[in-house]
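# Descriptive analysis of the structure
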Amino acid sequence: MPKTFDFKEAESRLYRWWQDHGYFKPEVAPPDAEAYVISMPPPNVTGRLHTGHALFTTLEDLMIRYERMRGKAALWVPGSDHAGIATQLQVEKMLRDQGTSREEIGREEFLARTWEWKEKYGGEIIEQLKRMGASCDWDRLRFTLDDGLSNAVQEVFITLYEQGLIYRGPRLVNWSPGLKTAVSDLEVEREEEQGKLYFFKYPLEEGGFLPVATTRPETILGDTAVAVHPEDERYKHLIGKMALVPMLNRHIPVIGDEYVDREFGTGALKVTPGHDFNDYELSKKHNLPIVNIMNRDATINQNGGQYAGLDRFVAREKIWTDMTLAGMTIEVKDHTMVVPRSQRGGEVVEPMISTQWFLKIEPLAEKAINAVRNGDIEIVPERFEKVYYHWMENIEDWCISRQLWWGHRIPAWYGSNGEVYVGKTAPATTPNVTWTPEEDVLDTWFSSGLWPFSTLGWPEKTADLQRYYPTQMMETGYDILFFWVARMIMMGLWFTDKPPFKTVYLHGLVRDKLGRKISKTLGNVIDPLEMVEQYGADPLRFTLATGGTPGNDINLDTARVERNWRFVNKIWQMTNFVTSNLDGDLPFGAPPPSELDLPSRWIMSRLHRLVATTQRLFDTYQYGEAGRQIDDFLWSEFADWYIEISKHPLYQGNDTDKANTRRVLRTVLDTSLRLLHPFMPFVTEELWSFLPHEGEALIVAGWPQADESYFDEAAEATMVTLIDLVRGIRNVRDEYKVEPSRKISAQAESKLYASALDQYRYLFARLCNVADLQILTAGQTAAEQSAIVVAGDVTVYLPLVDFVDLAAECERLTKEKAKLIEQITKLQTTLGNEQFVSRAKPEVVERERTRLAGLQASADQLTERLNGLCP
RNA sequence: GGGCUCUUGGCUCAGUUGGUUAGAGCGCACGGUUCACAUCCGUGAGGUCAUAGGUUCGAGUCCUAUAGGGCCCA
């Protein structure tokens, strides 16, 4: 095999190979295999791969590969979203650059251009997902504007309309003047900003005035009442009187309502139902008229009298100036307030009366709440269930129409007779009635909400729908829990009567290494494609998978990607070692424990514990921790110890030793590559191909099962002692500055481990250059001028005549003993506590006792040595 | 205003249902070319687990409060 991993060459080759063999298709599993399905959160069709995509791809591919290896019919349905506003904005920008606009070219031409744009750039994100190693079934690729999905959207819309759940009407909505469309509550972001609070005099019909404060003076033009608290001694006598709208002189009532906060501003509130949500509610209660003072672009309309035509912010200045001249203003104060801004455009959103389509969502929400409550759907991490309930229980009707062109056109027609027709095709022509089609399109999330079943063919009763619906896993970011997940649950239950998925796994946001949100303006963009270029997909994937915990944000440190690139190399080198030391035909699997030497029993025990741990962690969705454990096992147990130790039997052993060691090496590596494959598919597949193996590809190889017959506590305990001794000896050598190449001799005494030491003395030769180890038997004494190392009941004497300084050795040992005594004292206190012995779990007590015995043995050794050496 | 979350060595992060001496990587110091790997190996320094109480035989882990960071909803 090559000396290093050429990931650039291998990744594309392996990906093609997998795809050509149909491994990404669920049909590779037997027809009766249990299905495991993930619907991919569809990225925006014209998007470019960012770290968020990289994260979901990593996690979902991990889940899919794992289940595929477990023999399930694993299907990952890929797709992309037309992303109404986002895409339309991009195309509009292109048109601007070309010196035209969508208004100029018209709807039909605009849509044609957008489809062209989609054809041109829509494939990019797909190719980028492939570079991450995404094992989706690309034959089942879907796009939200595909015919099938559009049909599903129409079906759903019409059904909901017929069920009386969709209605159309004028209502106060969030209006984005920049995009010239309504947006939903979720698409509005509220942030605290520095603004001003304007105090002014509201003139009363009978003379005098009522002091009022507002943050948006231009809305005075739309006032239809002034409200005070009914128990406010200052103003309550004015309730029922009339006031005059400044500059317009419209007559409006003074009303009393407990909603008014007496502490805020002047304690009197101007009521603008046409441009404020709270005022809108108030107006319904008091039957106030609603005056809309703005056009679609947020300029003032004819209801604003002399201010008509002015931009809302210009009008704000103008009216204030005019009022000041008229002596109606009091003062202006700095004021921190919450300003609603459009999630997309960023401009200030204006509450405006507008005729829109709404979905009455409570009935759907009720089912969705129950599905989570009764456990049909599980949300991981669990804490998000609370967030989900809270939102669902306070859900408001969903404004589903958008004044855009790119999207699913609402299937409605307006008759000249005032009739509204909803259906898939235009209504039949009727005498004297002309039908005009609805211009609006549906909110992007309306079609996304159908994703898990629309992608499988619904409403047609397709074979895929039968076989793969409901899906198992919905893996996505917590930031779209309401936007998307909640709506899928509602739509899924309403239309298929089944929860669309069993589990919702929510991941966090990917941030930069300092925990800041990644943004172009901050200049901290981490481009996953660049990472893939530089290090390959595997290191990036491993970093994302192991870099955090479920539901929490990940601070992506590129240094970790680099480290994991080295991990990839490390595994490569391990495999190189193993394959170059294999020889001849060996039976697959490892020999039974009884036939193995101590190091092999140890590594097999560790391996199977790792398999068990990985299983437990996967079962609880703790993929990151699993990855870290596999990493740790491979590098710091298998490579650092077992491989080094194995060189002895491989080079010096007899045929049986050699064969056993080879089989163990190959088994450990094979099993580890399987465990690692969902994390790092490319390098593991490539390496597996170099190992003798059964089966055609790692991607469809079996997932390991822990075999408890390999669990071996005794072997583990002995190996830990031997490893401790090796470390101790290295340590002493280092402290006494014994050149690493210098061979030394040693003597050891022990009751418990004498035979192990005797049998595995080669460990010390290999691992710490102890050329000659003599096991002391009863009566034999150790060389005087020596340093000692203690572990368990073992004492190793290192006669370093030229190096050991008696005083220094005494000091070293005294320190070591002090450490031991400290622990022993602590343990004795614990064990001496009757409460502990009676209340703690028996195995805990037992473990502590064993530990104490070991520590005491070591301390005894040290004491004896100190007595002899240091008077 | 309501809720969630985080705070562990210089940096980035782990840490089953409370139970060994709180771990890893990066960085740092020192030392290493023997046949898998210098994309490496060995050794080491570095943490009162934000603070204060509490529960418990036992708390990084559970509870309460406080401080600071982040997020969601209103």
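Residues numbered from 1 in each chain as written. Chains lettered and ligands numbered in written order. Predicted model: local features only at pLDDT ≥ 70, side-chain atom pairs only at ≥ 80, totals over all residues. Heavy atoms only, no water.

### With respect to the domain arrangement of chain A
Short version of the rule: Domain extents, as shown, originate in an automatic or database domain assignment.
According to the domain assignment, chain A contains domain 1 (33–155 + 447–507), domain 2 (181–351) and domain 3 (538–711). Spacing between the C-alpha centres of domain 2 and domain 3 amounts to 69 Å.

### Comments concerning the environment of Val 611
To keep it simple, the criterion reads: Strands here are runs of E lasting at least two residues and helices are runs of H or I lasting at least four, both read from the DSSP assignment and numbered beginning at the N terminus.
Locating Val 611 in the fold gives a position in helix α17 (residues 598–619). For the pair formed by Val 611 and Thr 159, sequence separation is 452 residues and the distance between their alpha carbons is 50 Å.

### Things to note about the pattern of salt bridges
What counts is decided by this rule: Salt bridge criterion: a side-chain nitrogen from Lys or Arg within 4 Å of a carboxyl oxygen from Asp or Glu. The buried label goes to any residue with under 20% of its type's maximum accessible area, the exposed label to any with over 50%, and the partly exposed label to all in between, with areas taken from a 1.4 Å probe on protein chains only.
All chains considered together, the criterion is met by 52 salt bridges. A salt bridge links Asp 497 to Lys 367; the nearest nitrogen and oxygen atoms lie 3.7 Å apart. In this pair, Asp 497 is assigned in the loop between α13 (481–496) and β23 (501–507) and Lys 367 in helix α8 (residues 362–373), connecting sequence segments 130 residues apart. Asp 512 is the salt-bridge partner of Arg 516, the closest N and O atoms lying 2.7 Å from each other. Judged by its relative accessible area of 5%, Asp 512 is buried.

### Structural notes on unusual backbone geometry
The linkage connecting Val 380 with the following residue, Pro 381, adopts the cis geometry, with an omega of -5 degrees. With an omega of 10 degrees, the peptide bond running from Trp 458 to Pro 459 counts as cis. Locating Pro 459 in the fold gives a position in the loop between α11 (451–454) and α12 (463–468). A positive phi is found at Ala 83, a non-glycine position, where the angle reads about 50 degrees.

### Here's the deal with the nonpolar core
Spelled out, the test is: What is meant by a nonpolar core is a set of buried Ala, Val, Leu, Ile, Met, Phe, Trp, Tyr and Cys residues, joined one to another through side-chain atoms within 4.5 Å. Residue contacts are defined here by distance: any two heavy atoms, one from each residue, within 4.5 Å place the two residues in contact.
Membership of the largest hydrophobic core comes to 132 residues, with the highest contact counts inside it found for Phe 638, Phe 679 and Phe 764. Broken down by element, this core gets its largest block of residues, 12 residues, from helix α18 (residues 623–652). When residues of this core are assigned to domains, at least three map to each of domain 1 (33–155 + 447–507) and domain 3 (538–711). Once you skip the residues sitting within four places of it in the chain, Phe 764 turns out to touch Leu 722, Leu 725, Val 726, Ile 729, Leu 757, Asn 769, Val 770 and Leu 773. Among the nonpolar cores identified, the runner-up in size contains 62 residues, and Ile 166, Ile 369, Phe 446 and Tyr 468 belong to it.

### What about the packing of helix α3 (residues 84–97) against helix α4 (residues 102–131)?
Defined as follows: Note on definitions: angles span 0 to 180 degrees between N-to-C directions of axes, and those axes are lines fitted to C-alpha atoms, for helices only across the stretch in contact. Roughly parallel means an angle under 35 degrees; roughly antiparallel means over 145; roughly perpendicular covers 65 to 115; every other angle is labelled oblique. In this scheme the handedness of a crossing depends on how the near helix is turned from the far one: anticlockwise by less than a right angle means left-handed, clockwise means right-handed.
In contact at an axis separation of 10 Å, α3 and α4 are set at 115 degrees when each is read in the N-to-C sense. When the interaxial angle is binned, α3 and α4 end up roughly perpendicular. In this structure, the crossing between α3 and α4 has a hand that is right-handed. Only Arg 102, Ile 105, Phe 110, Arg 113, Thr 114 and Trp 117 of α4 make contact with α3, whose side of the interface consists of Thr 87, Gln 88, Gln 90, Val 91, Glu 92, Met 94 and Leu 95.

### Some details on the protein's contact with RNA strand B
Rule in force here: The rule for a residue being near a molecule or strand is that one of its heavy atoms must lie within 4 Å of it. Polar contacts, as counted here, are pairs of nitrogen or oxygen atoms within 3.5 Å of one another; within protein the pair requires one atom able to donate a hydrogen and one able to accept it, and residues that are adjacent in sequence qualify only if both atoms are side-chain atoms. Throughout, the ten residues Ala, Val, Leu, Ile, Met, Phe, Trp, Tyr, Cys and Pro are labelled nonpolar, Asp, Glu, Lys and Arg are labelled charged, and all others, Gly among them, are labelled polar.
Taken together, 47 residues sit near RNA strand B, with Asn 555, Arg 616, Glu 625, Arg 839 and Arg 847 positioned nearest. Within 4 Å of the protein, the contacting atoms of RNA strand B are drawn from sugar and phosphate to the extent of 67%. Contacts to RNA strand B include Gln 573, whose side-chain N or O atom sits 2.9 Å from a sugar or linking oxygen. At a separation of 3.3 Å, a sugar or linking oxygen of RNA strand B approaches a polar side-chain atom of Arg 730. Here the surface near RNA strand B gets 10 residues from one element, more than from any other, and that element is helix α16 (residues 558–581). Within the surface near RNA strand B, the residues separate by chemical class into 13 nonpolar, 13 polar and 21 charged.

### Some words on the sheet that holds strand β13 (residues 329–342)
What counts here: Pairing between strands requires that DSSP locate at least two bridges from one strand to the other.
Read across the open sheet, the 3 strands follow the order β8-β7-β13; overall the sheet is antiparallel. Each edge of the sheet is formed by a strand with only one pairing partner; in this case those strands are β8 (209–214) and β13. Taken over all neighbouring pairs, the strand axes of this sheet differ in orientation by 20 degrees on average, direction set aside. Bridging between strand β7 (residues 188–203) and β8 involves 6 bridges; their strand directions are antiparallel. Looking at the pairing, Lys 201 lines up with Pro 211 of β8.

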